[in-house]
Structures are given as C-alpha cells and as structure tokens.
Number of protein chains: 2
Amino acid sequence: MFFPRKMAPALLSFCQWHCRHRRHLGAVSKLSVREALASVEGSPNSIKLQGWVRSVRSQKDILFLHVNDGSSLESLQVVAEPNLKTSALTFGSSVEVIGKLVKSLHKKQNVELNASDIKVIGGCDSYSNGYIHIHTPIITSNDCEGAGELFQVQATNWDHGQSDKSGFFNVPAYLTVSGQLHLEVMSGGFTRVYSFGPTFRAENSQSRRHLAEFYMVEAEISFTDSLDDIMQVIENLFKSTTTALLSQCPEEINFFSKYVSVGQKDRLEQFLKKKFVTMTYTEAIEVLKDAREIFHYKPEWGCDLQTEHERYLVKHCGNVPLFVINYPYDLKPFYARDNEDGPQHTAAAVDLLVPGIGELFGGSLREERFDVLLSRLERLGLTDTYQWYLDIRKFGSVPHGGFGMGFERYLQCILGIDNIKDVSPFPRFPYSCLL
Amino acid sequence: MFFPRKMAPALLSFCQWHCRHRRHLGAVSKLSVREALASVEGSPNSIKLQGWVRSVRSQKDILFLHVNDGSSLESLQVVAEPNLKTSALTFGSSVEVIGKLVKSLHKKQNVELNASDIKVIGGCDSYSNGYIHIHTPIITSNDCEGAGELFQVQATNWDHGQSDKSGFFNVPAYLTVSGQLHLEVMSGGFTRVYSFGPTFRAENSQSRRHLAEFYMVEAEISFTDSLDDIMQVIENLFKSTTTALLSQCPEEINFFSKYVSVGQKDRLEQFLKKKFVTMTYTEAIEVLKDAREIFHYKPEWGCDLQTEHERYLVKHCGNVPLFVINYPYDLKPFYARDNEDGPQHTAAAVDLLVPGIGELFGGSLREERFDVLLSRLERLGLTDTYQWYLDIRKFGSVPHGGFGMGFERYLQCILGIDNIKDVSPFPRFPYSCLL
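Residues numbered from 1 in each chain as written. Chains lettered and ligands numbered in written order. Predicted model: local features only at pLDDT ≥ 70, side-chain atom pairs only at ≥ 80, totals over all residues. Heavy atoms only, no water.

Trainee: I keep staring at the overall build of chain A and nothing clicks. Help me out?
Mentor: On a plain count of helices and strands, chain A comes out with eleven helices and 18 strands. Taking all 435 residues of chain A together, the buried fraction comes to 51%. For chain A, the share of sequence-separated contacts (at least 6 apart) that also reach a separation of at least 24 residues comes to 66%. Of the accessible surface of chain A, which amounts to about 20600 Å², a share of 52% is contributed by carbon and sulfur atoms. (Helix = DSSP H or I, 4+ residues; strand = E, 2+ residues; numbered from the N terminus. Buried < 20%, exposed > 50% of the residue type's maximum accessible area, 1.4 Å probe, protein only. Contact = heavy atoms within 4.5 Å. Areas by Shrake-Rupley, 256 points an atom, 1.4 Å probe, with all protein chains shown as cover.)

Written out as structure tokens, the structure reads:
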C-alpha cells in the first residue's frame, strides 16, 4: 500500500515533535492541529485541541466542525454527537475540544477528532449583533452611481390640474440603484446598518450575470478608517452565511452538487477553509500583463477589469475568492475615499471576485472629509444634487465604509447555477416582464 | 378598606367551589384560572394550573405569562424566574405551571401565580414553521387590484432602435400593488408562502394612513377552504409579533407609551388578552344604521366602509381588533371566492379593523374553481390579461386563501403614532420624494 509508506516519515517526525511538545493539562495532553493532522492511526488517549471554528455542519445524527489554530494551513475535522452543538458554536468562535483521535473514513484525511466535549471559549456572532435593518426607499430622486441606466417612475393617471406638470412627486423620480446613500444617513446615528432590498438597472444586458431587478445586501459601518475592517466583515458574512447554508440545507446543497454543478459542495468547503486572497488593483494589472493568455480587452492601468480578466485572476490565485483593492480613483464613484497616493492615484475601494461569477461584493471607505468631497462634487458638477449628502459631512461626520452584495449572484455562487435568470422565480430583463 | 370587604363574598364562594372541585394530582392540587382569580390572599400550598399562553414577556430579571384555560374570560398572571423561559414557551402554547398563588402588587388583580416549574405540553410555533419566504417581483405587467392608481416604469435612456417603441420590457410595466397573485403561483407548490416587500399606490392622498411606497406582509395558504383558518393565522400573527415586541423591545415600547401615546402599552396588553371580535359586513351595516351617531357617509349595504364607520364599529366592540367578514361580492376584486349566497350576494373576504388605525389586514379565500373564475373574468373583460392566472386553476388547483398586512400601519398601531409618515425614515407621498 503506497499511502501508509509515504506517510511513515511524517509520522516519525510527528511522534518526535509530539513527545517534545506534549503538555500535560489536567488529565489530557494538548495537541496542535499540525500535530493531530500528522497522526496516521489516531491515539488511544483523550487529547485537548484549542482553535477557531472554520466551519460547522450540524446534521441530524452528527455534528462536523473544522478547527484551525494557525499551526497548519489545514483544519482538523472534529466529529461529535449533535447534542454538543450550542448556539454559541458558530463560525469564527474559539473552542476547546476534548476527544480521541481516530482513523478517518474520509480519503482526504488520516484522522479526525471524535469529541467528547466542546467548550466555546469566545463566541463570534459576526454579523447580526449590532446591525440595524433599514428599509431604504425604492423610489428615489437620487442616482447613487452617477450612471444613466435608470428606470423612471410616473403615476399613470396623474392629472390633478398642476400647472408645473412635474408629476406625482414634483421632481423626477427613479427606481433605486443602491440603498447606500440612504444607509449612510442612517449609519450617522445607528453606527451599523444594513438593508436587504430590491435594486434596479435599466441595462440592455442579456448576460448570465445581470437582471433588471435584483436584490442587494448592503451594509454601512461607522467609526472605521480601515478597508481591512470592511473586508473582514465581507469575508465573515460570506463564510458564516455559507456555513449556515451547508449546515441547515444539506439536502438542497447535495442535490445541486449532484445534479446541477458536480463537486459544488467540495468547492464551497474549500472556500470556507481558506483565507481569502488579497491583491491590489495595480498588482492585478501586472499579473494580467504577465499572463500568457491573450485577452480580448488589453489590460491597462486605469481601465475596468473585464469578465475575462476577473476569471484569469481568480484562477491565478487558486480558484478561491479574491479581494482586489485600491482601484484607480477615476474609476470609482464620487463617494469613494481618496487614498491621496500617486502617481497612480487610487481610492480605498474593494471588489470581491469569486470563481464562476466574478464580482460578488463591491465596497469602499466613504469620503468623510467635507472639503475633499466638496471639491470632487464641484469637479463633477454635482454639488446641487448632493447638497444633502454634503450636509451629513458637516454635522458629526465619522470615518465610515460599507459594501453591497448581489444576492442572486450569491445564490449562483452557492448553488453553482450558470444563469442568473434561473435563481429568480420571476426574472426581469430586457424584453421580458412575465406575470 | 373597601377592596377586601367587597371581595369577601367572592372569596367565600371560591372556597366552597374550590373544596368541591379540588383534585389531587400527585402532591399538588389542580386549580382552574377562574378558581385562581377568585382567590384574594393566595394559597400556602403549591397548585397546578393548565392552560394556553396568551402572552409572554421576558425581562432581564423576571418572566411574565398570562395563562387562560377557558374557565374565565380573564387570564391569570404567572410570574417566574427568567431561566424558566424556553424557546417552546410561546404565544398559543399549552402549559402546565406549578407554583404558589401569592397576593399581587398590581391593582388589576388580587393574586398571581409564582411559578416554580413551567412545562410546555404542546408547542405553538404559529408562523415561521412551514412558511417559505418568496421575493415577489417589484416590476410587473399585472395590476393585482384591477384599480388604476399605478406607477408606470420606463427606462430613461432606452433607444435601441426597436421599431415597436414598446420600451425596455416590450410591454407596459408597473410597480406592484401587491405580491398576492405571484404568491398564489408559488403556493401551488410550496403550500404556505409569504412575502415582505415594498408595494406602491399612486393615490393622491395626504391622509395619515397612506403612503405612495409602503411595505406589506402577505401570505398564501394552500389546502384551506375556511375563512376561519385565515383569520386564525391573522390573529396569531398579530398576537405573536406583538408579544415578541413587548418582550424584546420593552424600552422602546415604554418610551412610546410614556411620551408619544400615553397608556399605549396597556392597550396592547388588552389586545393580547382578548379574543378578537368577529361580525359580518351585513351585521356591521345594521350596527351602523342603528347608531345614534350621524355619519358623513350614510351606511348602506353594498357600499364601502368609510373611516368614520370603521372607527364606530371598533368602539362599538369595546376597542379591540375586529374582523369584518363576508363583504358584498361586487365590492371585492375578481379573485375573492364567491359565497354563492343571496339575495345579498357576498364573497369570503375579511378585513381586520384595529383601534386608531382602521383596516390593518385584508384577506380572502381565493376563487379556486376554474368555471366560476372564468365567468367573472369574462364579465370584467379581463380573460386575456389573466390567462396565466386562470391556468393555475387548471393544473392541480387547490382551495386556498391569504391576506396582506400594511407594515407601517402595524407600526402605527403598536407605537401609537398618529401619522404614517412618522414611521418611515424616507416617506414617499404626493409632491414629496426627499433624498
């Protein structure tokens, strides 16, 4: 048998290391994840493992955890009775597990930890706590992105004898393209806010990633001046939601993994195990320029990343979710915070690219400095339109940032569905508004 | 002291009744709510109470229940340590409580039950279980209510050389006035569905109960042919949500009860204790005709109930929520189920009127019979428009019904806020679309 022979040196090395580092804590010795993973046959005695939960899957008869403590890139699988699952045992929580290392039936690992006790040391309620749900308006007199692909809204039977003919709302009114600006208003009082609602684009696109009506999860976080903070919330949101889906909807995930996108579940578990990769936009352009692949759109600093570029970058990074940060200042909307660098001038903005989909999240620090925001709006000729937005930088302004996630794209990503029209019961797109 | 003297005969009567009906069940005797309420000073021994939970309020240091067993219109207050609260202890669940009757500090009752043990006999998860959340579309080519107060949606920069000039969707497209018809599609597969999303009316109303953009909770329930079923879901939804709010947001409720609408909390607790009243539309018209009050709109069978009528009816019934059922057939939309009665022809429709607000819920059984629906649509000249809706009566049609609740009106009702514009951060109404 090839497998055990190859593992023998590792086992020897593990045993020596183990003997040197074995620490007696009460009746059981403590093991690191690296030590545990190096074992082939398991151990007759109980051991103690301490680390952070990378995934929780709770099934009817069994509970699976993956625990990582930084000693290895890999996590150790923990198997337990389902009654050891408590509400505090979530993605990101720190735990102490006592149990026996046993030989695993799974081909990908030698051993797993058969837990007799799981203690949550530090809980990690990564998203719900402290976030207030806000209903941002659907009809708005603003155009958040400054782009022109809007739906206008007009009352059908509006004839009430007004002389100005300006319609129901007295001003031109549109369907929202994002709740961000309204969330920013509310974050200046509630600190952390989010919305989950429909947004609209009148784009003439029949692509497999665009709908005219789609849902976004958007969040704004006050008192942060670090893009890393925003990225940590994004990564936690993606991982905790996906972990919850894997644990609460195993039948659906298995169905899609078997019949729709073969191996999808394994791919998701890889996403959960690994830390997301980060590269700057400038590094991304260099990677693309160095690529052997011939692109339809030539990669150039200052130009938008195209679908083909996104696909290449994600593959280049090992097919895990990839943060691209610090985009060219002129590519990003007026509210993105100026990094004040040069000569390649960037803004503190981030996109999360995921395999098979491309952009799933987009976020940024927002320009909280009145003077900097004012001069940018002046250059764009938008000072009158966004007077109210400038005002919230005048009265108790705080450094803040946020992000949005396309909900249907997230469903595509989780279920492995190629066309976005297939994750919506009543999809709306050019030339189609059925029912 | 007047109080104890007046209660003496009741106490004597209670003692006699109690002695006759005392049943020994293990170590503690069983008491009905009527027996318990008739006590003045409490009891030295533990007693057992069995009944249904009418309200749960869980505070930091104390748990309050109201339990009713049908022996009295009133409920008995149960006081317990907060650790006796389990997730199964919800509005509507049946419980067995062991404890001692003690004198209450509250003026409204003589005694309360100081619980040492609370056992949930039958859980009552009245709403979340089994209901699937559906995102019904915002942009639609339908007009659910058959009324004309719609917002039309058009792409602003749509010029892609189409000869037909029919715009982005190729058909006229509107903002939804209700997700009901789409929910009906989904209920023909998921059995119980609900939506919680924005809906729109281009009504020229500046009233304190109307917005151009508002949220509705809507639900559809398959396999029911009883309006009572729908009303039970409505009453449970109202009571369980309100109970949850009272228990989870005591500070906010107390604030509004103190500064915005004095006594609001007591009124809500009255709503929770009492069974909602039901009367038919025909009875309601008789009550209005018999009223001494002079109405601006004369009440007549076949006419809509006006705000003044709703107010009178609710007051007439003791200022508790009031179901009005079986409305004139011709007043209700095409989808309401024909009661096939006469000569006053009605449909199986219901409105819930609440004090201070008027109509909060509206619901009906839906016409599931193909032939009956077809002939009504034919009379209305709507067969072509609703061909797809007729189709869902052809293939696996089931008796079903549902309802919608205006979310902002619910907030008004709970917080005692007079004007609907004050419960929305960004209210939209005629001549106003700020931000």
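Trainee: Whenever I open this one, the state of the cysteines confuses me. Can you help?
Mentor: Here is the idea: a disulfide is a covalent bond, and it sits between the sulfur atoms of two cysteines. Residues and elements named next belong to chain A. Counting across every chain of the model gives zero disulfides over all chains. Here Cys317 is not cross-linked by a disulfide; its sulfur's nearest cysteine counterpart is in Cys413, at 16 Å. Take Cys413: it sits in no disulfide, and the sulfur closest to it among the cysteines is that of Cys249, at 15 Å. On the basis of relative accessibility, which here comes to 4%, the residue Cys413 falls in the buried class. (Disulfide = S-S within 2.5 Å.)

Trainee: I tried to follow the relation of the copies chain A and chain B on my own but got confused; where do I start?
Mentor: Two copies of one chain are present, and they are related through a rotation about an axis combined with an axial shift. At an RMSD of 0.1 Å, chain A and chain B line up after a rotation of 180° and a shift of 0.1 Å along the axis. Such a combination of rotation and displacement between the chain copies is what one expects of a two-fold axis. Among all residues of chain A, the minimum C-alpha distance to the rotation axis is found for Val153(A), at 2.4 Å. Taken as a fraction of all interface residues of chain A, those also at the interface in chain B reach 100%, which identifies the copy contact as same-surface. (Least-squares fit on C-alpha atoms with pLDDT ≥ 70 in both.)

Trainee: How should I be thinking about the sheet that holds strand 15 (residues 322-328) of chain B in this particular structure?
Mentor: Two strands in a sheet stick together by hydrogen bonds in their backbones, pointing the same way (parallel) or opposite ways (antiparallel). All names here are of chain B. If you trace the eight strands from one edge of the open sheet to the other, you get 8-12-13-18-17-16-15-14, paired in mixed fashion. The two strands at the open ends of the sheet, each matched to only one other strand, are strand 8 (132-133) and strand 14 (277-280). As paired strands, strand 8 and strand 12 (residues 192-200) are joined by two bridges and run parallel to one another. By the bridge assignment for strand 12, His133 is matched with Tyr194. Packing against the sheet, helix 3 (residues 180-190) makes contact with strand 8, strand 12, strand 13 (213-222), strand 17 (358-366) and strand 18 (400-406), and its axis sits at approximately 30° to strand 13. Across the sheet, helix 4 (residues 227-248) lies against strand 13, strand 14, strand 15, strand 16 (346-354), strand 17 and strand 18, angled at about 145° from strand 17, the strand it touches most. (Pairing = 2+ DSSP bridges. Axes fitted to C-alpha atoms, helices over the stretch in contact; angles between N-to-C directions.)

Trainee: Please clarify how helix 8 (residues 307-316) of chain B should be interpreted in this entry.
Mentor: For an α-helix, 3.6 residues make a turn, and residues three or four places apart therefore share a direction. All names here are of chain B. Along helix 8, the positions that sit buried rather than exposed are Glu308, His309, Glu310, Tyr312, Leu313 and Val314. Buried residues in helix 8 make contact with strand 14, helix 7 (281-290), strand 15, strand 16 and strand 17. After helix 8 finishes, the residue Gly318 shows a positive phi value of roughly 90°.

Trainee: Teacher, can you tell me more about the side chain of Thr243(A) here?
Mentor: Residue and element names in this part refer to chain A. Positionally, Thr243 belongs in helix 4 (residues 227-248). Overall, the relative accessible area of 5% leaves Thr243 in the buried class. In this view, Thr243 contacts Arg54, Ser55, Val56, Phe91 and Leu272; residues no more than four positions away in its chain are not counted.

Trainee: I keep staring at the sheet that holds strand 18 (residues 400-406) of chain A and nothing clicks. Help me out?
Mentor: Residues and elements named next belong to chain A. Taking strand neighbours across the sheet as the criterion, the eight strands line up as 8-12-13-18-17-16-15-14 in an open arrangement whose pairing is mixed. Strands at the two margins of the open sheet, each flanked by one partner only, are strand 8 (132-133) and strand 14 (277-280). Sitting on the sheet, helix 3 (residues 180-190) touches strand 8, strand 12 (192-200), strand 13 (213-222), strand 17 (358-366) and strand 18, and the angle it makes with strand 13 is about 30°. Contacting strand 14 and strand 15 (322-328), helix 7 (residues 281-290) runs over the sheet at an angle of about 90° to strand 14.

Trainee: For this particular structure, what's the right way to read the pattern of salt bridges?
Mentor: Side-chain pairing between opposite charges can occur once the charged atoms of the two side chains come close. Residue and element names in this part refer to chain A. Tallied over the full model, the rule gives 30 salt bridges over all chains. Of the charged contacts in the structure, one is a salt bridge between Asp418 and Arg208, with a shortest N-O distance of 3.6 Å. Taken together, the positions of Asp418 in the segment after helix 11 (407-415) and Arg208 in the loop between strand 12 and strand 13 put the pair 210 residues apart, joining distant regions of the chain. The exposure class assigned to Arg208 is partly exposed, which follows from its relative accessible area of 26%. (Salt bridge = Lys/Arg side-chain N within 4 Å of Asp/Glu carboxyl O.)

Trainee: How do you make sense of the interface of chain A and chain B when you look at a structure like this?
Mentor: Often, the extent of an interface is quoted as the loss of accessible area on bringing the components together. Contact with chain A, which involves 53 residues of that partner, is made by 53 residues of chain B. Taking both partners together, chain A and chain B bury about 4300 Å²; carbon and sulfur atoms supply 68% of that area. On the surface where chain A and chain B come into contact, there are zero salt bridges. For the interface between chain A and chain B, the tally reads 17 residue pairs in polar contact (both at pLDDT 80 or more). For the side of chain A that touches chain B, the secondary structure elements donating two or more residues are strand 9 (139-140), strand 10 (151-155), strand 11 (174-175), helix 3, strand 12 and strand 13 of chain A. Looking at which element gives the most residues to the side of chain A that touches chain B, the answer is strand 10 of chain A, with five residues. When grouped by side-chain class, the residues that make up the side of chain A that touches chain B number 32 nonpolar, 17 polar and four charged. (Buried area = accessible area lost by both parts, 1.4 Å probe. Polar contact = N/O pair within 3.5 Å; in protein donor to acceptor, adjacent residues only side chain to side chain. Nonpolar A, V, L, I, M, F, W, Y, C, P; charged D, E, K, R; others polar.)

Trainee: What's the story with a nonpolar patch on the surface in this structure? I'm lost.
Mentor: Residue and element names in this part refer to chain A. A grouping of Phe255, Tyr259 and Val260 is seen on the molecular surface, where their side chains present a nonpolar patch of about 330 Å² in accessible area. With respect to the helices and strands, the residue Val260 is situated in the loop between helix 5 (250-259) and helix 6 (264-273). You can call Val260 partly exposed: its relative accessible area is 43%. (Patch = residues over 30% accessible without salt bridge, like charges linked within 9 Å, V, L, I, M, F, W, Y side chains within 5 Å.)

Trainee: What is the right way to read the pairing of strand 10 (residues 151-155) of chain B from this model?
Mentor: Every other side chain in a regular strand lies on the same face of the sheet, so the side chains alternate between the two faces. Residues Phe151(B), Val153(B) and Ala155(B) line the buried face of strand 10 of chain B, whereas the alternating positions Gln152(B) and Gln154(B) sit on a face that is not buried. Two strands pair when backbone bridges link them, and strand 10 of chain A and strand 10 of chain B are joined in this way by five bridges, in the antiparallel orientation. Considered in strand 10 of chain B, the bridge of Phe151(A) is made with Ala155(B).

Trainee: Can you help me understand helix 5 of chain A in this one?
Mentor: Residues and elements named next belong to chain A. All of the buried residues along helix 5 are Ile253, Phe256 and Ser257. Along the axis of helix 5, the buried positions cluster into a sector of 100°, meaning they face one direction only. Every exposed residue of helix 5 that faces more than 90 degrees away from the buried side is listed here: Glu251, Lys258 and Tyr259. Buried residues along helix 5 sit in contact with helix 4, helix 6 and helix 11. (Arc of directions from axis to C-beta.)

Trainee: Please explain the environment of Ala115(B) as it appears in this structure.
Mentor: All names here are of chain B. The residue Ala115 is located in strand 7 (residues 111-122) in this model. Since its relative accessible area comes to 9%, Ala115 is described here as buried. Taking C-alpha positions, Ala115 is 7.9 Å from Glu81, a pair spaced 34 residues apart along the chain. Excluding residues within four positions of it along the chain, Ala115 makes contact with Val78, Val79, Ala80, Leu84, Val97, Ile98 and Gly99.

Trainee: What's the story with the packing of aromatic side chains in this structure? I'm lost.
Mentor: Both the distance between ring centres and the angle between the ring planes are used here to describe each pair of aromatic rings. Evaluated as defined, the whole model comprises 44 aromatic pairs over all chains. Look at Phe168(A) and Phe151(B): their rings are 5.0 Å apart centre to centre, the planes differ by 80°, and that puts the pair in the edge-to-face class. Pair noted here: Phe168(A) is in the loop between strand 10 and strand 11 and Phe151(B) is in strand 10, and the two residues belong to different chains. Phe151(B) carries the same exposure label as Phe168(A), and that label is buried. Taking the centre distance of 5.2 Å and the plane angle of 50° together, the rings of Phe255(B) and Tyr259(B) count as tilted. Residue Phe255(B) and its partner Tyr259(B) are located together in helix 5 (residues 250-259), separated by four residues, close to a single helical turn. Take Tyr259(B): its relative accessible area is 56%, and that puts it in the exposed class. Across the ring face of Tyr327(A), the terminal group of Lys332(A) is positioned such that the distance to the ring centre comes to 4.4 Å. (Phe/Tyr/Trp six-rings, centres within 6.5 Å; stacked < 30°, edge-to-face > 60°. Lys NZ or Arg CZ within 6 Å of the ring centre and 35° of its normal.)

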